[in-house]
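Structural characterization, general
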Amino acid sequence: MSYVPHTKEDKTEMLKAIGASSIEDLFKDIPKALRAKSFDLSQGMSEFEVTEHLKRLAAKNAISLVNFVGAGFYDHFIPAAVDAITSRSEFYTAYTPYQPECSQGWLQAIYEYQTIICELTGLDVSNASLYDGGTALYEAAMMAIRATGRNKIIVDSGVNLIYRTMLYSYTSNLSIEFVEIPVIHGQSSRDELIRNLDDKTAAVILQNPNFFGAVDDHSDIVGRVHKFGALAIASVYPVSLGILKSPGEMGFDIATGEGQSLGIPLSFGGPYLGFISARKELVRQMPGRIVGATVDMDGKRGFVLTLQTREQHIRREKATSNICSNEALCALRAAVFVALLGRDGLKELAENNYRNAEFAKDVLSKVPGVEVKRSSPTFNEFTLRLPRSADEVVRKMIDKGFASGFPLGKFYNGMDNYLLVAVTEKRTKEEIKKFADSLEAVL
Amino acid sequence: MKLLFEKHKEGRRNFLCSKTCAPQVKPLDAKYRRAKDTLLPSLSELEVVRHYTNLSRLNYSVDTNFYPLGSCTMKYNPKFTERVASLDGFAAVHPLLPQLSGGGVLTQGSLEVLYEAERLLSEITGMEAFTMQPMAGAHGELTGVMLIAAYHKDRGSRRKFVIVPDSSHGTNPASAAIAGYQVVVIPTGKDGYMDLEEYKKKLSDETAAVMLTCPDTLGIFNPHIKEIADLAHKAGALVYYDGANLNAMLGKARPGDLGFDVVHINLHKTFGTPHGGGGPGAGPVGVGPKLVEYLPISRVVRRNDGTYALDYQARKTIGYIAPFYGNFGVILKAYAYMLRLGKEGLIEAAEMAVLNANYVRAKLKSRYDLPYDKNCMHECVFSAARQAKNGVHALDIAKYLIDKGYHPPTIYFPLIVKEAIMIEPTETETKETLDEFIEVMIGIADLAEKDPASVKAAPLHMPVKRLDETKAAREPNLRWRP
């Protein structure tokens, strides 16, 4: 059972044209000794059977919990038009637009996506996407190493531990020195960070809002970083950029992040969207596909893949990155999402997230034994100190119908009683109040 | 077409986001706020929908056009897999749920999908275990080379080189290089196979790995493949299988049986998940027994009671290569595809893919040069060298095909064939479609002799004519500005 259209006559005629006696004859170059020793799979199933099987599996996942878990990956509303547009198979069954004349739709969509990322981050150039926020951060670090010819990277420990761990995994065979700066009271330790800057430093990596949800203005740090000839890299949460100071406004050289919050379902960890943008001087160091505007023979505007001499299919081992397939369809989702919201809508979305979280802070601070950490302003995520182990509280809250947050003890020593709570625009006042009541009940 | 930004109108707004119940709170300090508004467009929902619907119509895609883009396996993408992946029970699941205390029970369905997909891929390739985490083929390559590096490091060996044939995908040498290796390139012999003598000369106790594509990028199965692998093993090196071309091998030969230690698979090629205009794909990596202990964390395990869990215990793991468990949505679609086709269906897919490719090869070989004239697997690589003598290059042929409603074959690759025309029809195309394509290709060969200028003028019927790529590169315009 498969999607092949060949009739018996087709096969006979085609074999005859080829001059082969049988289908098996076509595989004669594979010596008998090298044939598959096993291929023990079940028989095919009907579309109905597979669908029913997978519906049963989907029903084994608990999706009825009210979600307050974020930690870099957020439960935002996705407008129906995002799905409607990205379900058009003229988009999703095409591939990388190598041939521009029959790919202008995709190329223009990516050019517009690049512009959106540049506008959000306040920088000059972007690309057609990377795999996720973690690999984007790794690519940014490698850009800085190539651009400066140095090999020391200073990483703030307010950067998502998942991304830090990915960064260290990827570079474990390269001679790169990493220095981690501790977070004090939820904020970057400026003294410690500046003390570690030297003329070997290729880049400093900061996250805003940081993993604890704390919002900062890093302009002062970036200024010091530049004095040492190093680059400043920001890892950012795109929805927050509706209201927060952009990396460009703070002087950052490169911005990266996870684009999942822009209309991409949580989908158990992927597919997601890594985005990257940079100052234009760094464009030759960028990884991946880049779309540029040009003109055709009649002078009409059109779009092409450009600056390809950076890429693996031309430069091979000298390429800036090995990336080939990217996350274009997720980039399209993000672009459609932002286009639907528009200039004011994105601002309003960000504002609603901020307000909901502030409201939740007020409500939760009234729960006996709960302390809302307020040493820094936050966007839509914040830290609670609980009177007992956050792990235990999370477990009990599941029974109450809540995915109540991310226990910080998983990532940070000595923070077993701390819970990271995300409140997106989707959470209602009623849900927030019920969350507080349930928390009070389990403590 | 106008850009989104050029359609902006001050004061117009989309009512999508408006929310009447947002609580009134103390505003965020101006110090942390954007000083300057973005230049994002303000449009109505219909304007946005019409904009993108009209853009979509400017693309060729598998659902609209024959798309024989060699090396990319542009087969039909079954629609039901899209529906399954969009089920709330899969799409709305937060990836951190199973990592929460007491959260183990919350995502049993998704964990089962990952576990079962891994099991199926292991059997299909003859490998011991898989990591489903790599998010694309090249990402799988990098993961594979990192596994190889961890293996050698664990043995105290400082091997420096990775061998690749000159016919390899560009991602192979690029992946080896960014993982910290120096790349050694072996030329292709006149017979179309990697030069065995040259390979033996270059192979040494400093070789970490040999990366091979099988069938190779010329669409040919190399009968010496086992010998190449055995020689590498004798030298203490590991052997890497680039699974880009696995579609031709389903049920016929398995990398595990051929002696490969690591393999990556492109789910978006062989297992029918859509290419999405460049991605997302998925590049799971399978390993033989030597490398299991180095696989990335987490691993999905099945407990004795039949439930599934995440395991982070691997002491020698290369660490995290993805934030979570890979491109789950893509893996889910591939899993649905494998279940649907089953054993016979997968074998039939390989057989018809090879039949279609050989049919095109047989029908066109009298009109186009076939530098390596052999029985092919899933794709065949012609050269337009003969037409180029009249000034008609592979690029011109590609542009002419576009005018005729075909997405062109791959023409920029493999680099070892001048004027390459790499055709991969895939198994889901009918004989009628192939016959029409063949007729057009023969027509182009005729024109190249009689009226080359008419080929070089193409395309004439597309939204744009040939574009000035030199200008694009010399005066980069990479974003809209007012």
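Definitions and limits used
Residues numbered from 1 in each chain as written. Chains lettered and ligands numbered in written order. Predicted model: local features only at pLDDT ≥ 70, side-chain atom pairs only at ≥ 80, totals over all residues. Helix = DSSP H or I, 4+ residues; strand = E, 2+ residues; numbered from the N terminus. Rg over C-alpha atoms; globule rule 2.2 N^0.38 Å. Buried ≥ 20, exposed ≤ 12 C-beta atoms within 10 Å, placed from the backbone. Contact = placed C-beta atoms within 7 Å. Pairing = 2+ DSSP bridges. Axes fitted to C-alpha atoms, helices over the stretch in contact; angles between N-to-C directions. Core = buried A, V, L, I, M, F, W, Y, C linked by C-beta atoms within 7 Å. Nonpolar A, V, L, I, M, F, W, Y, C, P; charged D, E, K, R; others polar. Domains from an automatic or database assignment. Expected span 1.5 Å × (residues − 1). Parallel < 35°, antiparallel > 145°, perpendicular 65-115°, else oblique. Left-handed = near helix turned anticlockwise from the far one by under 90°. pLDDT = per-residue confidence, 0-100. Bend = angle between axes of the 7 residues up to and from the residue.

Attention shifts here to the overall build of chain B. Counting its secondary structure elements, chain B contains 16 helices and 11 strands. The globule rule puts the C-alpha radius of gyration for 482 residues at 23 Å, and the 25 Å found for chain B is close to it. With the principal axes as the frame, chain B shows a C-alpha extent of 75 × 60 × 45 Å. The buried share of chain B, taken over its 482 residues, is 59%. Nonlocal contacts in chain B, meaning residues at least 24 apart in sequence, comprise 71% of its contacts between residues at least 6 apart.

What follows concerns the overall build of chain A. In terms of regular secondary structure, chain A is built from 14 helices and 17 strands. Its C-alpha atoms put chain A at 80 × 55 × 50 Å along the principal axes. Looking at chain A as a whole, 60% of its 443 residues qualify as buried. Put simply, 74% of the contacts in chain A that link residues at least 6 apart link residues at least 24 apart.

Residues and elements named next belong to chain B. The mixed open sheet is built from 7 strands, whose spatial order is β1-β7-β6-β5-β4-β2-β3. Among the strands making up the open sheet, the edge pair consists of β1 (129-131) and β3 (182-186). Geometrically, the sheet is characterised by an average inter-axis angle of 25° between neighbouring strands, direction not taken into account. The sheet strands contacting helix α4 (residues 108-125) are β1, β6 (262-265) and β7 (285-287), and the helix crosses β1 at an angle near 125°. Across the sheet, helix α6 (residues 171-178) is in contact with β2 (161-165), β3, β4 (207-213) and β5 (238-243); its angle to β2 comes to roughly 175°.

So, on to the nonpolar core. Within the largest apolar cluster, 313 residues are counted, with the highest numbers of intra-cluster contacts made by A141 and I233 of chain A together with I331 of chain B. Of the residues forming this core, the biggest block, 22 residues, is contributed by helix α11 (residues 328-364) of chain B. When neighbours within four sequence positions are excluded, I233 of chain A is seen to be in contact with A140, A141, A144, A203, V204, I205, F252, D253, I254 and T256 of chain A.

Before going further, it helps to examine the interface of chain A and chain B. Think of interface size as the accessible area that goes away when the parts come together; that is how it is often given. Counting from both sides, the interface comprises 167 residues of chain A and, opposite them, 173 residues of chain B. A per-class count over the side of chain A that touches chain B returns 86 nonpolar, 44 polar and 37 charged.

Here we come to the domain arrangement of chain A. The assigned domain composition of chain A is domain 1 (8-49), domain 2 (66-76 + 343-442) and domain 3 (80-337). The centre of domain 1 of chain A, based on its C-alpha atoms, is set 57 Å off from the matching centre of domain 2 of chain A.

Residues and elements named next belong to chain A. Ordered by their spatial adjacency, 4 strands build an open sheet running β13-β14-β17-β16, and the pairing between neighbours is antiparallel. The strands lining the two open edges of the sheet, one partner per strand, are β13 (371-372) and β16 (406-407). Bridge count for strand β14 (residues 381-385) against strand β17 (residues 418-422) is 5 bridges, and the pairing is antiparallel. Paired with E381 across the strands is A422, a residue of β17.

Next up on the list: the environment of D191 of chain B. Considering the arrangement of structural elements, one finds D191 of chain B in the loop between β3 and α7 (196-202). Remark: the alpha-carbon pair of D191 of chain B and D311 of chain B, spanning 120 residues in sequence, is separated by 47 Å.

A cis amide bond links G270 of chain A to the next residue, P271 of chain A, at an omega of 5°. Of note, P271 of chain A is situated in the loop between β9 (254-258) and β10 (274-278). With an omega of 0°, the peptide bond running from A458 of chain B to P459 of chain B counts as cis. Among the secondary structure elements, P459 of chain B is positioned in the loop between α15 (452-456) and α16 (469-474). For A71 of chain A, which is not glycine, the phi dihedral falls at a positive 60°. Among the secondary structure elements, A71 of chain A is positioned in the loop between β1 (66-67) and α3 (80-86). In this model, F268 of chain A sits at a positive phi of 55°, which is unusual for a non-glycine residue.

Right, let's get into the environment of T213 of chain B. Looking at where T213 of chain B falls in the secondary structure, it is placed in strand β4. Look past the residues within four positions of T213 of chain B in its chain and what remains in contact with it is S168, H169, D242, A244 and N245 of chain B.

Moving on, we get to the domain arrangement of chain B. Assigned domains of chain B: these are domain 1 (4-56) and domain 2 (82-339). Taking only C-alpha atoms, the centre of domain 1 of chain B and the centre of domain 2 of chain B are 42 Å apart.

Before going further, it helps to spend a moment on α4 of chain B. Helical geometry note: an α-helix holds 3.6 residues per turn, so side chains three or four residues apart project in the same direction. With 18 residues, α4 of chain B extends 26 Å between its outermost C-alpha atoms, agreeing within 8% with the 26 Å of an ideal straight helix rising 1.5 Å per residue. For α4 of chain B, every residue scored as buried is listed here: G109, S110, L111, E112, V113, L114, A117, E118, L121, I124 and T125 of chain B.

Residues and elements named next belong to chain A. Their axes nearest at 10 Å, the elements helix α13 (residues 390-399) and helix α14 (residues 429-442) cross at an angle of 120°. The angle between α13 and α14 falls in the class oblique. Pair α13 / α14 crosses with right-handed handedness. Contact residues: V393, K396 and M397 in α13; S438, L439 and V442 in α14.

On average, residues of chain B carry a pLDDT of 96, and 99% of them reach 70 or more. In the predicted complex, the global pTM is 0.98; the interface-specific ipTM is 0.98.

All names here are of chain A. Between its first and last C-alpha atoms helix α12 (residues 328-365) spans 42 Å; for 38 residues at 1.5 Å apiece the expected length is 56 Å, and the helix comes up short by more than 12%. Within α12, the axis deviates most sharply at G342, by approximately 100°. With 30 of 38 residues buried, α12 is to be regarded as a mostly interior element.

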